[in-house]
Amino acid sequence: MFKHVVALANRKGGVGKTTIAVNFAAALAQKHTVLVLDADPQASLLHWSMQCNKLPFTVMPYRLGEPLPQSDANICVIDCPPAFRDEEFLAVVEELTHLIVPVNPSPFDLWATVSFVELLNQQERQTLRSMLVFNQVEKGNAFVKAAMSVSSALGIPLAQQTLGKRAVYRNAAVEGKTVYDVAGRGKLARDEMDTLIEEIFNHVNTGK
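Residues numbered from 1 in each chain as written. Predicted model: local features only at pLDDT ≥ 70, side-chain atom pairs only at ≥ 80, totals over all residues. Heavy atoms only, no water.

On to the pattern of salt bridges. Per the counting criterion, the structure on display carries seven salt bridges. Measuring nitrogen to oxygen at the nearest pair gives 2.9 Å for the salt bridge that ties E87 to R85. By sharing partners, the salt bridges in this structure join R85, E87 and E88 into a single network. (Salt bridge = Lys/Arg side-chain N within 4 Å of Asp/Glu carboxyl O.)

This brings us to the side chain of R190. As for its placement among the helices and strands, R190 is situated in helix α7 (residues 187-202). Buried R190, no salt bridge; nearest opposite-charge side chain is D191, N-O distance 5.9 Å. Filtering out sequence-adjacent residues up to four positions away, R190 remains in contact with V179, Y180, V182 and A183. (Helix = DSSP H or I, 4+ residues; strand = E, 2+ residues; numbered from the N terminus. Buried < 20%, exposed > 50% of the residue type's maximum accessible area, 1.4 Å probe, protein only. Lys, Arg positive; Asp, Glu negative; His and termini not counted. Contact = heavy atoms within 4.5 Å.)

We now examine the nonpolar core. When a protein is soluble and globular, its nonpolar side chains tend to lie buried together. F24, L28, V34, V36, F57, V77 and M193 are the most contacted members of the largest nonpolar core, which has 40 residues in total. By residue number, the principal contributor to this core is helix α1 (residues 17-28), which donates eight residues. The contacts of L28, once residues within four sequence positions are left out, are V34, I75, V77, I197 and F201. The next biggest cluster of nonpolar side chains, apart from the first, holds 35 residues, and it includes V5, A9, I78 and L119. (Core = buried A, V, L, I, M, F, W, Y, C linked by side-chain atoms within 4.5 Å.)

None of the figures reported here should be taken as evidence of function without further support.
Here it is, written out as structure tokens:
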């Protein structure tokens, strides 16, 4: 039985779910055994793992809504597809301990996330810890600060730690690596991910 089941989900495509999932899992794998489930029909994460063959976690295909597979891992990370039926997502929510909702730092991406957050807010699971995470943030982006007040109206906490728009994420993927396999140029990305993980797992959700 998994100690933690973490899903990365948003109906808005292009928000970096797979990139975050891979590096998030790599960070966790430093101290835990991790299983990553690729629920996206494009199977980008599976292709990443086949290219690398050195990822510090196991990757398996998964269909959203199905029971979680048996595993000796103590943490499960699910990379959700951008398109899914409500009932598929709500079925997997029953298994989750944490939900990460990545969003790009623009009003259009935030607005596109509203319907998904409304679906999430229908759930009454007090133990589910959910968090909105701004990804691909460029230095000096004033919208992120302004959006902190907007996110409170959505009913989902906003992570204080953002993830920067860094070439190292893309380059690591091309090389079949994670930012934890990249030396100096990956340090800022690793620091961001480590801080985000600490915030997510120490966060106590007092909302939905």
